[in-house]
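Single-letter residue listing:
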Amino acid sequence: MVVADMNTTSLPLSTSFFLRKWTRKCTKNLISAPNFLVFSYLDFIDSVFCVVYRYLDLLLEGEASPCYCRSKNKSETINDDEENGISETLHGRQKKLKEMIDLIEFVEKLLNRNKGFEAGYGDFNYRKKVGIHRLGNRWSDCGCDSCISWMKVDDPKLHVVVKEASSNAMGEDSKENTKTNSSENVIFIHGILSSSSFWTKTLFPKMSESGKADNYNMFAVDLLGHGRSPKPRDNLYTLRDHVEWIEKSVVSQFGLNSFHLIAHSMGSIIALALAAKHSKSVKSITLVAPPYFPSKDGVEFTVINSLTPKRLWPPEAFLSSVMTWYEHLSRSVCFILCRNHRTWESLVKRVTGARDVNFMFLDMIKITHHSGWHTAHNVLYRGVKQMDKNLEILMKLRKKVHVFMGTRDRSVPPDGGDKMKNKFPQVEVNNIPDAGHRSVLFNREDVLAHDLFQIWNNSTSSSILNGIVNWKNLSRKRKKVGIHRLGNRWSDYGCDSCISWMKVDDSKLHVEMQVDVPSFML
């Protein structure tokens with residue numbers, strides 16, 4: 001009887017568990033159904049816009065812009081994507097409606113008599129090798145003075161905001177002869193859809209108020225394709241391109257022999273690549289909300305599906321999906337917003353009555369589609385797989401890497417810092433409670449400024465200590481193998497009697513011999 005009672009009581013429990021599981025599965029299917037319908041429709045619209053833009057480019061510019069709609073093995077792209085830093089996600093965004101791809105190829109065959117349709121992204125590599133930049137913006141991009149001013153310079157460089165040591169004034173791009181020997185240098189790198197304003201409008205004022213910033217030369221850079229920096233249309237905006245432009249515009253331009261790095265979000269990928277390349281010069285690396293994913297095969301698709309999945313809600317997630325998964329629809333969005341950024345700026349001022357528009361909104365609408373599209377795929381999605389390699393280089397050299405993560409970050413995985421520390425125990429991670437992707441800095445600038453000053457001071461002290469230890473080790477090594485460092489110090493006397501021993505191959509102690517001579521020999 002007891003067994004019977006147990007069986008009868010267990011039946012409702014198993015039934016309720018089955019019902020919960022069935023309800024959860026049905027709910028998931030109901031939610032995924034609208035997703036499938038909407039994004040299938042967007043696949044169709046994007047394929048149509050592909051044909052439309054190719055025809056308009058040919059009509060208005062005489063040459064059709066290449067795109068990534070077709071499969072990789074059929075398109076005229078760069079042969080070795082791995083070598084040139086091209087993301088697999090550009091060609092791997094499979095459309096649900098394969099018929100649309102067939103439609104694109106049919107139209108291209110129909111119009112292939114025009115030379116404009118023979119253009120491919122492979123041409124960019126040749127132009128880059130010979131140093132030729134294709135000037136002029138596309139008809140769908142903005143042509144205002146602030147957007148094309150870089151084209152009027154023979155040797156364009158990134159826009160850099162400089163705050164010199166022992167000065168409260170900010171200079172812009174004119175500090176070519178900045179003296180960096182007696183003070184520390186710090187390079188600030190922003191994330192995607194942002195600019196140097198991310199640092200100069202928030203952290204710079206707080207650091208100046210503390211008075212400690214007088215000992216530092218601070219360089220806030222606008223990344224290639226962002227803010228007031230050049231936006232060349234013949235560049236694929238790879239990780240290597242971003243690093244090279246920072247080298248040319250900051251490291252070489254200002255003659256920085258040593259520097260600290262601080263970066264936010266996607267800028268962390270660029271900062272690690274720059275630090276690994278200049279490992280002897282970098283003193284410390286601080287990463288704020290980095291998008292870290294352990295490197296493995298297929299990580300690029302893991303990143304794009306994790307950071308920007310195809311979702312209808314919330315609205316910002318849907319907009320991110322359109323901008324990263326649909327090449328031609330995102331170009332349409334940029335045509336409406338970015339090409340007319342001055343109109344939107346004045347409209348926002350009238351509606352809100354504000355004198356100045358929020359810098360984050362301006363940064364977002366002042367990019368071009370070409371620069372934003374390629375930076376997202378070639379740096380954010382592909383660059384992640386390079387982070388482990390660069391971290392290994394820095395860890396071997398015992399470089400200090402500090403990470404600040406918000407526990408409520410919805411833009412990147414909030415456990416990314418912990419995963420990084422699990423793989424690289426030397427990395428120091430600071431998880432900020434109740435902080436998001438941007439609020440890890442906003443509203444807590446004072447705290448972050450204090451932490452940064454402490455990191456920079458400690459890294460400088462440890463560099464001096466490491467130098468003393470290395471000198472002692474070198475002295476012991478020389479002593480073992482019998483190597484002496486010749487030459488006297490500047491504070492020592494250098495007369496012939498003092499340095500005569502240096503002129504002998506096998507130097508020995510000076511010895512005087514006195515011999516008694518017999519008297520009969522005198």
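Residues numbered from 1 in each chain as written. Predicted model: local features only at pLDDT ≥ 70, side-chain atom pairs only at ≥ 80, totals over all residues. Heavy atoms only, no water.

> Even after reading the chapter, I still don't get the nonpolar core, so can you show me in this structure?
Across soluble globular proteins, nonpolar side chains have a tendency to be buried as a group. Judged by nonpolar contacts, the single largest core of 61 residues is most densely connected at Ile189, Val250, Leu261, Ile270, Val401 and Met420. Examining the composition of this core, we find that seven residues originate from one element, helix α10 (residues 267–277), more than from any other. Those residues in contact with Met420 that sit more than four places away from it in its chain are Leu287, Pro290, Tyr292, Met387, Leu391, Val403 and Val427. (Core = buried A, V, L, I, M, F, W, Y, C linked by side-chain atoms within 4.5 Å. Buried < 20%, exposed > 50% of the residue type's maximum accessible area, 1.4 Å probe, protein only. Helix = DSSP H or I, 4+ residues; strand = E, 2+ residues; numbered from the N terminus. Contact = heavy atoms within 4.5 Å.)

> Looking at this structure, how should I read the pattern of salt bridges?
Note that side chains of opposite charge can pair when their charged atoms are close. Across all of its chains, the model carries twelve salt bridges by this definition. Among the salt bridges present, the one from Asp155 reaches Lys248, with a minimum N-O distance of 3.8 Å. Pair noted here: Asp155 is in the loop between α6 (145–148) and β1 (160–163) and Lys248 is in helix α9 (residues 239–251), with a separation of 93 residues, a long-range link. Judged by its relative accessible area of 40%, Asp155 falls in the partly exposed class. Judged by its relative accessible area of 28%, Lys248 falls in the partly exposed class. Through salt bridges that share partners, Asp155, Lys157 and Lys248 make up one connected network. (Salt bridge = Lys/Arg side-chain N within 4 Å of Asp/Glu carboxyl O.)

> Would you explain the pairing of strand β4 (residues 216–221) in this entry?
Remark: a regular strand shows side chains that alternate across the two faces of the sheet. In terms of burial, β4 is largely enclosed, as six of its six residues are buried. Where burial is concerned, the two faces of β4 agree: the one with Tyr216, Met218 and Ala220 and the one with Asn217, Phe219 and Val221 are both buried.

> What is the right way to look at a positive patch on the surface in this model?
Judged by side-chain charge, Arg20, Lys21, Arg24 and Lys25 come together as a positively charged surface patch. Mapping Lys21 onto the fold places it in helix α1 (residues 2–61). (Patch = residues over 30% accessible without salt bridge, like charges linked within 9 Å, V, L, I, M, F, W, Y side chains within 5 Å. Areas by Shrake-Rupley, 256 points an atom, 1.4 Å probe, with all protein chains shown as cover. Lys, Arg positive; Asp, Glu negative; His and termini not counted. Charge placed at Lys NZ, Arg CZ, Asp CG, Glu CD.)

> Hey, could you run me through the state of the cysteines in this one?
As used here, a disulfide is simply a covalent bond connecting the sulfur atoms of two cysteines. Summed over the entire model, instances satisfying the criterion amount to zero disulfides. Unpaired in this structure, Cys147 has its nearest cysteine sulfur neighbour in Cys144, at a distance of 3.4 Å. In this structure Cys334 is a free cysteine whose sulfur lies 4.0 Å from that of Cys338, the closest cysteine sulfur available. (Disulfide = S-S within 2.5 Å.)

> Help me out: how do you make sense of the pairing of strand β7 (residues 400–406) in this one?
Most of β7 sits out of view: six of its seven residues are buried. Direction of pairing for strand β6 (residues 282–288) relative to β7: parallel, over a ladder of five bridges. Across the sheet, residue Val288 finds its bridge partner in β7, namely Phe404. Here five bridges tie β7 to strand β8 (residues 428–432), and the two strands are oriented parallel to one another. Across the sheet, residue Met405 finds its bridge partner in β8, namely Asn431. Between the parallel elements β7 and β8, the chain passes through helix α18 (residues 416–423) in a crossover that is right-handed. (Pairing = 2+ DSSP bridges. Right-handed = clockwise from strand over helix to strand, strands pointing away.)

> I keep staring at helix α14 (residues 341–352) and nothing clicks. Help me out?
Residues three or four positions apart in an α-helix share a direction because the helix packs 3.6 residues into each turn. Over its twelve residues, α14 runs 16 Å from end to end, which matches the ideal 16 Å to within 8%, given 1.5 Å per residue. In the segment just after α14, Gly353 is the residue with positive phi, at about 75 degrees. (Expected span 1.5 Å × (residues − 1).)

> Got a minute to help me understand the packing of aromatic side chains in this structure?
Each aromatic ring pair is described using two quantities: the centre-to-centre distance and the angle formed by the ring planes. Tallying each qualifying case throughout the model produces 14 aromatic pairs. Pairing Phe39 with Phe318 gives two aromatic rings, centres 6.1 Å apart and planes at 50 degrees, and the pair type is tilted. With a gap of 279 residues between them, Phe39 in helix α1 and Phe318 in helix α12 (residues 315–325) connect regions that are remote in the sequence. On the accessibility criterion, Phe39 (1% relative accessible area) is buried. An aromatic cluster is present here, built from Phe188, Phe198, Trp199, Phe204, Tyr216, Phe442, Phe453 and Trp456 joined pairwise through their rings. Stacked on the ring of Trp245, the Lys or Arg Lys248 has its end atom at 3.9 Å from the ring centre. (Phe/Tyr/Trp six-rings, centres within 6.5 Å; stacked < 30°, edge-to-face > 60°. Lys NZ or Arg CZ within 6 Å of the ring centre and 35° of its normal.)

> It is not clear to me how the environment of Val348 should be interpreted in this structure. Could you clarify?
As for its placement among the helices and strands, Val348 is situated in helix α14. When the C-alpha atoms of Val348 and Asn358 are compared, they prove to be 9.6 Å apart, with ten residues separating the residues in sequence. Aside from chain neighbours lying at most four places away, what touches Val348 is Gly353, Val357 and Phe361.

> Can you walk me through the confidence of the model for the protein in this structure?
Predicted coordinates in areas of low pLDDT are best not read in detail. For the protein, mean pLDDT is 81; residues scoring 70 or higher make up 71% of the total. Mean pLDDT per element in the protein: strand β2 (residues 170–172) is the minimum at 46, and strand β5 (residues 259–264) is the maximum at 98. Across residues 74–80 the pLDDT falls below 50, and counting only partners more than four positions away or on other chains, this stretch makes 17 contacts in the model. With pLDDT under 50 throughout, residues 167–177 is counted as low confidence; its partners more than four residues away or in other chains account for 26 contacts. (pLDDT = per-residue confidence, 0-100.)

> Where do I start with the packing of α12 against helix α16 (residues 369–381) in this structure?
Between α12 and α16, the least distance of the axes is 9 Å, while the angle of their chain directions is 90 degrees. Between α12 and α16, the interaxial angle falls into the category roughly perpendicular. In this structure, α12 uses Met323, Thr324 and Trp325 to contact α16, whose residues at the interface are Trp373, His377 and Tyr381. Its residues placed into classes, the contact of α12 with α16 shows four nonpolar, two polar and no charged. (Axes fitted to C-alpha atoms, helices over the stretch in contact; angles between N-to-C directions. Parallel < 35°, antiparallel > 145°, perpendicular 65-115°, else oblique. Nonpolar A, V, L, I, M, F, W, Y, C, P; charged D, E, K, R; others polar.)

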